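Remarks on the overall topology
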Amino acid sequence: MIERILLSIDGSEPSRRAIPYAGALAATPPAHVRVATVVERGRQEGTAADVERDSEAQVLVDGAVEQLRASGVDAAADVRHAFIGGVADEILRAAHEDRADVIVMGSRGLTEFSALVVGSVTHKVLDEADLPVLLVR
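What comes next is a walk through the structure. (Residues numbered from 1 in each chain as written. Predicted model: local features only at pLDDT ≥ 70, side-chain atom pairs only at ≥ 80, totals over all residues. Heavy atoms only, no water.)

Next up on the list: unusual backbone geometry. A cis geometry characterises the amide bond from T28 onward to P29, with omega recorded as -10°. Position of P29 among the secondary structure elements: in the loop between helix 1 (13–27) and strand 2 (32–44). The phi angle at R99 is positive, at roughly 55°, despite the residue not being glycine. Considering the arrangement of structural elements, one finds R99 in the loop between helix 3 (87–97) and strand 5 (102–106). Look at R99 and you get exposed, because its relative accessible area is 67%. (Helix = DSSP H or I, 4+ residues; strand = E, 2+ residues; numbered from the N terminus. Buried < 20%, exposed > 50% of the residue type's maximum accessible area, 1.4 Å probe, protein only.)

Set out below in structure tokens:
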């Protein structure tokens, strides 16, 4: 039975389409959805610099939480951080910390390589996850 869902979003079209799928999974029986996004940090001269802003990430997850709550789903927002190359690991860490039964995410994220069928972050999550992963195209 699915009681806890981690919905990983990044603002891409596939991740936006994943929101109603997570809501449908959470509807019956009622499950909790944690909506997470990972802010990537780069390294410049030995210091960390955000690639994107926390405020933009918060707006992104808050919008998804609002959408889920409007359909009657219990949801909460989570903005996380990782250095470039560590996003998939942070998604998996979030799933384990929340004891998620399933990860829901878009098939590929925000990338310049639009020809990719499955993005590199998604591919790594699929490869390393020890729980089910629902990909939305």
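Structure shown, so let's carry the discussion forward.
Below, the discussion takes up the packing of helix 1 against helix 2 (residues 54–70). Relative orientation of the contacting elements helix 1 and helix 2 amounts to 40°, with a least axis distance of 10 Å. Judged by the inter-axis angle, helix 1 sits oblique to helix 2. Considering only the axes of helix 1 and helix 2, their crossing is right-handed. On the side of helix 1, the interface is formed by I19, P20 and G23, while helix 2 contributes A64, Q67 and L68. The class makeup of the residues in the contact of helix 1 with helix 2 is 4 nonpolar, 2 polar and no charged. (Axes fitted to C-alpha atoms, helices over the stretch in contact; angles between N-to-C directions. Parallel < 35°, antiparallel > 145°, perpendicular 65-115°, else oblique. Left-handed = near helix turned anticlockwise from the far one by under 90°. Contact = heavy atoms within 4.5 Å. Nonpolar A, V, L, I, M, F, W, Y, C, P; charged D, E, K, R; others polar.)

Grouped together as the largest cluster of nonpolar side chains are 19 residues, with contacts concentrated most on I5, L7, I9, V33, V35, L68 and V104. Within the residue set of this core, elements represented by two or more residues are strand 1 (4–8), helix 1, strand 2, helix 2 and strand 5. If we ignore the near neighbours within four places in the chain, the residues touching L68 are L7, I19, G23, V33, V35, V73 and A75. (Core = buried A, V, L, I, M, F, W, Y, C linked by side-chain atoms within 4.5 Å.)

With that settled, consider the environment of R17. Here R17 shows up in helix 1. Residue classification places R17 among the partly exposed residues on the basis of a relative accessible area of 35%. Considering only alpha carbons, one finds R17 and S107, 90 residues apart in sequence, at a separation of 10.0 Å. A distance of 2.6 Å separates the side chain of R17 from the backbone oxygen of R137, its partner in a polar contact. (Polar contact = N/O pair within 3.5 Å; in protein donor to acceptor, adjacent residues only side chain to side chain.)

This next bit is on the side chain of R80. Mapped onto the elements, R80 comes out in strand 4 (residues 74–83). Only 2.8 Å separates the side chain of R80 from the side chain of E90, close enough to count as a polar contact. A distance of 3.0 Å separates the side chain of R80 from the side chain of E97, its partner in a polar contact.

Turning to the pattern of salt bridges, a few remarks are in order. Following the criterion strictly, the structure yields 9 salt bridges and no others. Among the ionic pairs, D78 bridges to R80, the shortest N-O distance being 3.1 Å. Taken individually, D78 and R80 each receive the classification buried, so the pair is uniform in this respect. As a salt-bridge pair, R80 and E90 come within 2.8 Å of each other at their nearest N and O atoms. Highlighted residues: R80 in strand 4 and E90 in helix 3, separated in sequence by 10 residues. As far as burial versus exposure is concerned, R80 and E90 are alike and both buried. Look at the salt bridges and you will find they share partners, linking D78, R80, E90, R93 and E97 into a network. (Salt bridge = Lys/Arg side-chain N within 4 Å of Asp/Glu carboxyl O.)

Of all 5 residues in strand 1, 4 are buried, a share of seventy percent or more. Alignment of strand 1 against strand 5, held across 4 bridges, turns out to be parallel. In the strand pairing of strand 5, I5 is matched with V102. (Pairing = 2+ DSSP bridges.)

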